[in-house]
Amino acid sequence: MRSNRAQDGGAAALCSIDWHYMAPLILVFCFGIVNFAAHKALLESNHPMLAQVPWFFQALGGRLSLVVEFVMLLGVMIVAAAGSTGWALLYALYTALNGVSAWLIFSGRV
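No experiment lies behind these values; they were computed from the predicted model shown.

**Some details on the pattern of salt bridges**
Alright, step 1. Taken as a whole and assessed by the stated rule, the structure comprises one salt bridge.
Alright, step 2. Glu-44 is the salt-bridge partner of Lys-40, the closest N and O atoms lying 3.3 Å from each other. Here Lys-40 pairs with Glu-44, and both are found in helix α3 (residues 19–45), just four residues apart, close to one helical turn.
Alright, step 3. The exposure class of Lys-40 is partly exposed, given its relative accessible area of 38%.

**Quick word on the packing of aromatic side chains**
Alright, step 1. Scanning the model with the defined rule gives one aromatic pair in all.
Alright, step 2. Considering the side-chain rings of Tyr-91 and Tyr-94, the 5.6 Å spacing of their centres and the 35° angle between planes classify their relative orientation as tilted. A residue pair is termed a helical-turn pair when its members lie 3 or 4 positions apart in one helix, as Tyr-91 and Tyr-94 do in helix α6 (residues 85–106) at three residues.
Alright, step 3. Note on Tyr-91: relative accessible area 3%, which makes it buried.
Alright, step 4. The exposure class assigned to Tyr-94 is partly exposed, which follows from its relative accessible area of 26%.

**Considerations on the nonpolar core**
In a soluble, globular protein the nonpolar side chains are often hidden away together inside.
Alright, step 1. Among the nonpolar cores identified, the biggest contains six residues, and these are Val-28, Leu-73, Val-76, Ala-80, Ala-88 and Tyr-91.
Alright, step 2. Counting only elements with at least two residues in this core, the list comes to α5 (63–81) and α6.
Alright, step 3. In terms of residue count, α5 provides more of this core than any other element does, three residues in total.
Alright, step 4. Excluding residues that lie within four positions of it along the chain, Ala-88 makes contacts with Pro-24, Val-28 and Val-76.

**Quick word on the environment of Ile-78**
Alright, step 1. Positionally, Ile-78 belongs in helix α5.
Alright, step 2. Overall, the relative accessible area of 55% leaves Ile-78 in the exposed class.
Alright, step 3. Remark: the alpha-carbon pair of Ile-78 and Leu-25, spanning 53 residues in sequence, is separated by 8.3 Å.

**Quick word on α3**
Alright, step 1. Counted at 1.5 Å a residue, the expected span for α3 with its 27 residues is 39 Å, and the 39 Å between its end C-alpha atoms agrees.
Alright, step 2. Restricting attention to buried positions, one finds in α3 the residues Pro-24, Leu-25, Val-28, Gly-32, Asn-35 and His-39.
Alright, step 3. Buried residues along α3 sit in contact with α5 and α6.
Alright, step 4. The first or second residue beyond α3 is Asn-46, which carries a positive phi of 55°.

Rules behind the numbers
- Residues numbered from 1 in each chain as written.
- Predicted model: local features only at pLDDT ≥ 70, side-chain atom pairs only at ≥ 80, totals over all residues.
- Heavy atoms only, no water.
- Salt bridge = Lys/Arg side-chain N within 4 Å of Asp/Glu carboxyl O.
- Helix = DSSP H or I, 4+ residues; strand = E, 2+ residues; numbered from the N terminus.
- Buried < 20%, exposed > 50% of the residue type's maximum accessible area, 1.4 Å probe, protein only.
- Phe/Tyr/Trp six-rings, centres within 6.5 Å; stacked < 30°, edge-to-face > 60°.
- Core = buried A, V, L, I, M, F, W, Y, C linked by side-chain atoms within 4.5 Å.
- Contact = heavy atoms within 4.5 Å.
- Expected span 1.5 Å × (residues − 1).

What follows is the structure, given as structure tokens:
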């Protein structure tokens, strides 16, 4: 027969997580998914504006810009895990600007 103490081990571990530090990290990760999706969609759209970006962002078929996006995400996740909510908020603003930019491009307003 199992004791109640053994069954509650998962609940105790869940309660010991410091959600104050985990919430910004989880949000930054979700924002990163949104940024990658918008970035990838823009690269695959072959929009005429892509021909005007600097050559170093066109390297590897635009994949170098995805590497830059990943490095930014990784850096913000590291500082968010350390407890810096300011960088997480800045990345949220960056995500909002990326979303507006993608909407403007795909709606034909640019």
